[in-house]
Amino acid sequence: MLPIGHYLFLGLALFIIGAIGVVTRRNVIVILMSIELILNAVNINLVAFSRLYGDVAGQVFALFIIADAAAEAAVGLGIIIAFFRNRETVLEDEMDLLKW
Amino acid sequence: MPKAYLPVLIYAVLVMAFPAVTLVFAKLLRPDSTSYGPKLQPYECGIAPEGHARGRYSVRFYIIAMLFVVFDVETMFLFPWAILYRGWVMAHLGLFALISMFVFLGILLIGYVWLYKKGALEWA
Amino acid sequence: MLDQVIFYFFAAIAVVSAVLTVTRRNAVHSAIFLITALLATAGIFLQLRAEFLFIVQIILYVGGIMVLFVFVIMLVNLDVAVRQMQFARQKWVALLISLALAAQVGLMLWSSRNMPGQGVPVLSAVPADKLPPNSEEVAKSLFSSYLLPFEIASVLLLVAMIGAVVMAKKRT
Amino acid sequence: MQAVTQATMEFMKEYRTPLICGFVIVAVLPLIVGYVVLVERKIMADMQARLGPMRVGPHGLLQPIADAVKLLIKEDIIPDDADKLVFWLAPVLSVGAALLAIAGLAIGPAFQIAQGINIGILFVVGVSAMGIFGIVLGGWASNSHYSLIGALRSSAQLVSYETAAGMALVCGLLFAGTLNITSIVQAQYDQGIWFGLLAPVAFFVYLVASIAETNRAPFDLPEAESELVAGYMTEFSGFRWSLYFLAEYTNMIVVASVATTLFLGGWLRPFPRTHWLTWKSTGMDFFDFLPALLMVVVGAYCLARTPKQPVRVQQLFMLAVAGMCFAAAAVLAAPVIVPFVKPSLAAAVKPLYEGIHGGFWFICKVGLYIYFFMWVRFTLPRYRFDQLMRLGWHFLIPLSIINVLLIGIAMIIGSYYHLNGWWLLLATIPASIIALIIALFILALEQKGQPQKAAGAAPDSYA
């Protein structure tokens, strides 16, 4: 294993890229994909620390995060589909009604 | 990197190179395509294609994929359980292990029954 | 040496394809590059000897969640969307966020380097040959210390299943 | 420079077997696939009372080569609106995933690229599941209605049956207690029984699901020629098409090998721990001679048929086949006979025996599994898409989930009464039957509940 700083910087880079994606993109699907990137960055950190301390707890956490990402993607994309059916668009700044 | 995976990594490069190289090789070997016009249109049984193909399709495909993801997560949790189960049974802890999985699967089976009643598993 | 080469290889792939994921106009291309980034992350997991997580990443993330993404991209017909404006004007917010995060991690590393003997960056990992078989170890941990979260995960999945179907199914 | 060369040499030395295996697989597999296709066409022809390919070479034996050359120099057409990058990438992904999955498989105890990896069987399953992107992206890239519908159908089918297949694997792994391929086979040796016998319902579920996962008849909806003109492959011509084809047949080999490893005892012979007619001094028994005997019988049959062949070339061909069978018999018999003649060599011959006999049994089982695929293909008519989905979601998935739980209960009962090996069948067979009955009951309940729906509603052709 390399010194932990390498992994932290990789995680940081992915996190920042993901965060920029969330903030700047208009397409909701791409925003969700950027969120997956962020979750991935978190997973890298967890696994790196798990390796550093020789404790698998970090890996179990990452496992739960992946399960959570699956649930999030399922519901998030369901919402997008419901939205698309009504408004014919997937751009987030056109999601301006609380109820339709 | 665990040592056993190094050959896999090399093999992966080899495997990805194989179709790419053969595609390039085939490109060099075959005569250049001189096709133009209708031959390059997508095939729709001889009728001129109508509209863009990347149109909209039934939402049922999404529901199937979504259910697959949920059940896939469930299967991934079952795998670690399965590899430990035999040891538990040998140590006469099997009942506990079985119940812990029964609760997990039971909660998901509730969802399955709900989907069944709702008709989300029906295609037609 | 080999470890370093492999780490930089996967890290470079991950970062480059992550950048491409958020910058491509076409959502399908974005998805392809996200798949590449996820696979590279799986490689990093492998380099960290988390074999089980490596395969979970491939089966669940790449083979499950990304299939869902690709399906939805195809369902909502993005050929129209490609021609629309793809980036909202929030560059300053993005810059601010990235600077803040970078400063935070930098501060953390800098301060821990000054800690006498206990800092994270100088801590060395457990030797690789002393690690137990990974998938058995994860399984044991999952079914002893984390049994309750494991059971609750099924509730989460149940909620996700019901929520997604309610959202996506036509109201009749 | 010196150091690099030395490191390379050391690396080559350590990973010699896996690397050679890798090169051999990449070089030989297309050829094997070509001949599997030829065999399939021959069997199909035989079942339909015709001859099949006969023109190129004796009995059409050079047909795969001719096909390959034809595909290699065929015109390459990319549709106008296609996404060029994705169009190029999709077949590569498909075939890459299929070939990479082979890395996790083991033909014998020593012949494996990823030797002793901890996640063995999951690696194979997970990597081969990535082939789905080749299908979806290929269908999307070619911008044709048929392609996209075919691709969506195909991937919906793949994901539906993947869950059932995964559950079936879980059921087999309950007995193995490990994911490592070598240990799985070793567990079957230790328990003296193939897991396919212990969990017949899981094996059945995997069998059906693996046919569906390889997109073969009767589940070949995605590429139904009469409905979707080859589905996701419609726009792919020439060599790109042949890459998809290669991927499909490689996937067949992969699922057959997974089933063989987990359910059919891998490279073990039938009755791995049963010693019947043993020669005490050597430990060799009847089943060790079985492969050689089988080859002798086949060779004798070919020899007997030789004079009856109408054409000279065919006679020579049959003669050559008989000769090859006898040669194979000699190779198979040698490691078993040597210990009789020279007991001192027994230990030296042992790895040879394991390699040769292991390879023989493994290839036999995989071949039988693939033959079963072909047999099913030529026998059964194609399913309708909603029937396919119903079979997956309403029958196979509940069946496999219930089966896992019931097999778990059976194992607890077995441990309570100290049942081992073949005796465990007493607990698992009733459990399997109960699982099957429950699943059939659910299916019957459903059909009773909505009789008019199946008859009245017109099938939705646009899905």
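Analysis parameters
Residues numbered from 1 in each chain as written. Chains lettered and ligands numbered in written order. Predicted model: local features only at pLDDT ≥ 70, side-chain atom pairs only at ≥ 80, totals over all residues. Heavy atoms only, no water. Helix = DSSP H or I, 4+ residues; strand = E, 2+ residues; numbered from the N terminus. Buried < 20%, exposed > 50% of the residue type's maximum accessible area, 1.4 Å probe, protein only. Contact = heavy atoms within 4.5 Å. Areas by Shrake-Rupley, 256 points an atom, 1.4 Å probe, with all protein chains shown as cover. Rg over C-alpha atoms; globule rule 2.2 N^0.38 Å. Axes fitted to C-alpha atoms, helices over the stretch in contact; angles between N-to-C directions. Parallel < 35°, antiparallel > 145°, perpendicular 65-115°, else oblique. Nonpolar A, V, L, I, M, F, W, Y, C, P; charged D, E, K, R; others polar. Buried area = accessible area lost by both parts, 1.4 Å probe. Polar contact = N/O pair within 3.5 Å; in protein donor to acceptor, adjacent residues only side chain to side chain. Salt bridge = Lys/Arg side-chain N within 4 Å of Asp/Glu carboxyl O. Arc of directions from axis to C-beta. Core = buried A, V, L, I, M, F, W, Y, C linked by side-chain atoms within 4.5 Å. Left-handed = near helix turned anticlockwise from the far one by under 90°. Phe/Tyr/Trp six-rings, centres within 6.5 Å; stacked < 30°, edge-to-face > 60°. Disulfide = S-S within 2.5 Å. Domains from an automatic or database assignment. pLDDT = per-residue confidence, 0-100.

A. Fine view of the overall build of chain B. What chain B contains, in helices and strands, is 3 helices and 0 strands. Counting helices and strands in the order they occur from the N terminus, chain B gives α-α-α. A total of 124 residues make up chain B; the buried ones form 56% of that total. Partitioning the contacts of chain B with sequence separation of at least 6, the portion at a separation of at least 24 is 48%. With the model as given, the accessible surface of chain B reaches about 5,500 Å², and the carbon-plus-sulfur share is 70%.

B. Region of interest: the overall build of chain D. Looking only at helices and strands, chain D features 18 helices and 0 strands. Computed over C-alpha atoms, the radius of gyration of chain D comes to 24 Å, within 12% of the 23 Å expected from 2.2 N^0.38 for 463 residues, which places it in the range of a compact globule. Taking the principal axes of the C-alpha coordinates as reference, chain D spans close to 70 × 65 × 60 Å. Buried residues in chain D amount to 57% of all 463 residues.

C. Region of the structure containing the packing of helix 3 (residues 57-87) of chain A against helix 7 (residues 147-168) of chain C. With their axes 8 Å apart at the nearest point, helix 3 of chain A and helix 7 of chain C run at an angle of 10 degrees to one another. Regarding the angle of helix 3 of chain A to helix 7 of chain C, the classification is roughly parallel. For the pair helix 3 of chain A and helix 7 of chain C, contact is made by Phe64, Ala67, Asp68, Ala71, Ala74, Val75, Gly78, Ile79, Ile81, Ala82 and Arg85 of chain A and by Pro149, Phe150, Ala153, Leu156, Leu157, Ala160, Ala164, Met167 and Ala168 of chain C, respectively. Among the residues making up the contact of helix 3 of chain A with helix 7 of chain C, the classes are represented as 17 nonpolar, 1 polar and 2 charged.

D. Structural detail: the interface of chain B and chain D. In this assembly, 70 residues from chain B lie in contact with 95 residues from chain D. Note on chain B versus chain D: buried area summed over both sides is about 7,600 Å², and carbon and sulfur give 74% of it. In this assembly, chain B and chain D are joined by 3 residue pairs in polar contact (both at pLDDT 80 or more). Those elements that provide at least two residues to the side of chain B that touches chain D are helix 1 (5-29), helix 2 (60-90) and helix 3 (94-118) of chain B. When residues of the side of chain B that touches chain D are assigned to their parent elements, the largest contribution, 18 residues, is made by helix 1 of chain B.

E. Main features of the pattern of salt bridges. All names here are of chain D. Across all of its chains, the model carries 3 salt bridges over all chains by this definition. Residues glutamate 40 and arginine 216 are paired through a salt bridge, measuring 2.6 Å at the closest nitrogen-oxygen approach. Here the residue glutamate 40 occupies a position in helix 2 (residues 16-47), and arginine 216 occupies one in the loop between helix 10 (200-213) and helix 11 (225-228), the gap between them amounting to 176 residues. The class of arginine 216 is buried, set by a relative accessible area of 2%. Of the charged contacts, one joins glutamate 40 and arginine 377 as a salt bridge, the two residues approaching to 2.6 Å between their closest N and O atoms. In this pair, glutamate 40 is assigned in helix 2 and arginine 377 in helix 15 (residues 346-379), connecting sequence segments 337 residues apart. Accessibility expressed as a relative area gives 31% for arginine 377, which makes it partly exposed.

F. Focus on helix 3 (residues 63-72) of chain D. When helix 3 of chain D is considered as a whole, its buried residues turn out to be Gln63, Pro64, Leu71 and Leu72 of chain D. For helix 3 of chain D, the angular spread of the buried residues around the axis is 165 degrees, confining them to a single face. Here the buried face of helix 3 of chain D lies against helix 1 of chain B together with helix 2 and helix 12 (238-263) of chain D.

G. Structural detail: the nonpolar core. Among the nonpolar cores identified, the biggest contains 280 residues, and Tyr11, Tyr62, Phe77, Trp81 and Tyr85 of chain B, Phe54 of chain C together with Tyr206 of chain D are the most heavily contacted of them. Top element by residues in this core is helix 2 of chain B. It accounts for 23 residues. Setting aside residues up to four positions removed in sequence, phenylalanine 54 of chain C forms contacts with Tyr5 of chain B, Ala42, Gly43, Phe45 and Leu46 of chain C together with Ile119 and Phe123 of chain D. Counting residues in hydrophobic clusters, the runner-up holds 10 residues, among them Leu290, Ala292, Met295 and Ala333 of chain D.

H. Molecular detail of the side chain of glutamine 59 of chain A. Along the chain, glutamine 59 of chain A falls in helix 3. Setting aside anything within four residues of it in sequence, one finds glutamine 59 of chain A in contact with Ser50 of chain A together with Ala50, Leu53, Asn134 and Val138 of chain C.

I. Here's a closer look at the interface of chain B and chain A. Between chain B and chain A, the contact holds 7 residues from the first and 11 residues from the second. Between chain B and chain A the total buried area reaches about 750 Å² when both faces are included, carbon and sulfur atoms providing 78% of it. Put simply, chain B and chain A have 0 salt bridges between them. There are 2 residue pairs in polar contact (both at pLDDT 80 or more) connecting chain B and chain A. Residue composition of the side of chain B that touches chain A, by class: 6 nonpolar, no polar and 1 charged.

J. Region of interest: unusual backbone geometry. Positive phi, close to 60 degrees, is recorded for histidine 92 of chain B, a residue that is not glycine. Along the chain, histidine 92 of chain B falls in the loop between helix 2 and helix 3.

K. Focus on the packing of helix 1 of chain B against helix 2 of chain D. Packing of helix 1 of chain B against helix 2 of chain D leaves a shortest axis separation of 10 Å and a crossing angle of 20 degrees. In terms of their interaxial angle, helix 1 of chain B and helix 2 of chain D are classed as roughly parallel. Pair helix 1 of chain B / helix 2 of chain D crosses with right-handed handedness. Here Pro7, Ile10, Tyr11, Leu14, Val15 and Phe18 of chain B of helix 1 of chain B come into contact with helix 2 of chain D, specifically with Pro18, Leu19, Gly22, Phe23, Ile25, Val26 and Pro30 of chain D. Each residue belonging to the contact of helix 1 of chain B with helix 2 of chain D can be placed in one class, and the counts come to 12 nonpolar, 1 polar and no charged.

L. Main features of the packing of aromatic side chains. All names here are of chain B. The final tally for this structure, using the stated rule, is 29 aromatic pairs over all chains. A centroid spacing of 6.2 Å and a plane angle of 85 degrees characterise the contact between phenylalanine 71 and tyrosine 112, whose relative ring orientation is edge-to-face. Here phenylalanine 71 is found in helix 2, whereas its partner tyrosine 112 is found in helix 3, with 41 residues between them in sequence. Looking at tyrosine 112, the relative accessible area reads 7%, which means it is buried.

M. Summary view of the state of the cysteines. All names here are of chain D. Throughout the structure, instances matching the rule amount to 0 disulfides over all chains. For cysteine 302, which is in no disulfide, the shortest distance to another cysteine sulfur is to cysteine 325 and amounts to 5.1 Å. For cysteine 325, a relative accessible area of 8% translates into the label buried.

N. View of the domain arrangement of chain D. Residues and elements named next belong to chain D. Entries for chain D in the domain assignment read domain 1 (1-73), domain 2 (77-268 + 393-447) and domain 3 (286-377). The C-alpha centroid of domain 3 is placed 21 Å from the C-alpha centroid of domain 1. Both faces combined, the contact of domain 1 with domain 3 buries some 770 Å², and carbon together with sulfur accounts for 77% of it. On the domain 1 side of the interface with domain 3, the three residues burying the most area are Glu40, Met47 and His59, jointly 52% of the side's total. Where domain 1 packs against domain 3, one counts 1 salt bridge. Summed over the shared surface of domain 1 and domain 3, the number is 1 residue pair in polar contact (both at pLDDT 80 or more). For the side of domain 1 that touches domain 3, the residue count by class is 6 nonpolar, 1 polar and 1 charged.

O. Looking closely at the confidence of the model for chain D. Residue and element names in this part refer to chain D. In the predicted model, chain D carries a mean pLDDT of 82, and the fraction of residues at 70 or more is 92%. Below pLDDT 50 for its whole length, residues 451-457 participates in 2 contacts with residues either more than four positions away or in separate chains. Taken over the whole predicted complex, pTM reads 0.89, whereas the ipTM for its chain interfaces reads 0.88.

P. Representation of the environment of glycine 359 of chain D within the structure. The topology assignment puts glycine 359 of chain D in helix 15. Here glycine 359 of chain D is in contact with Ile107 and Glu354 of chain D, once residues within four sequence places are set aside.

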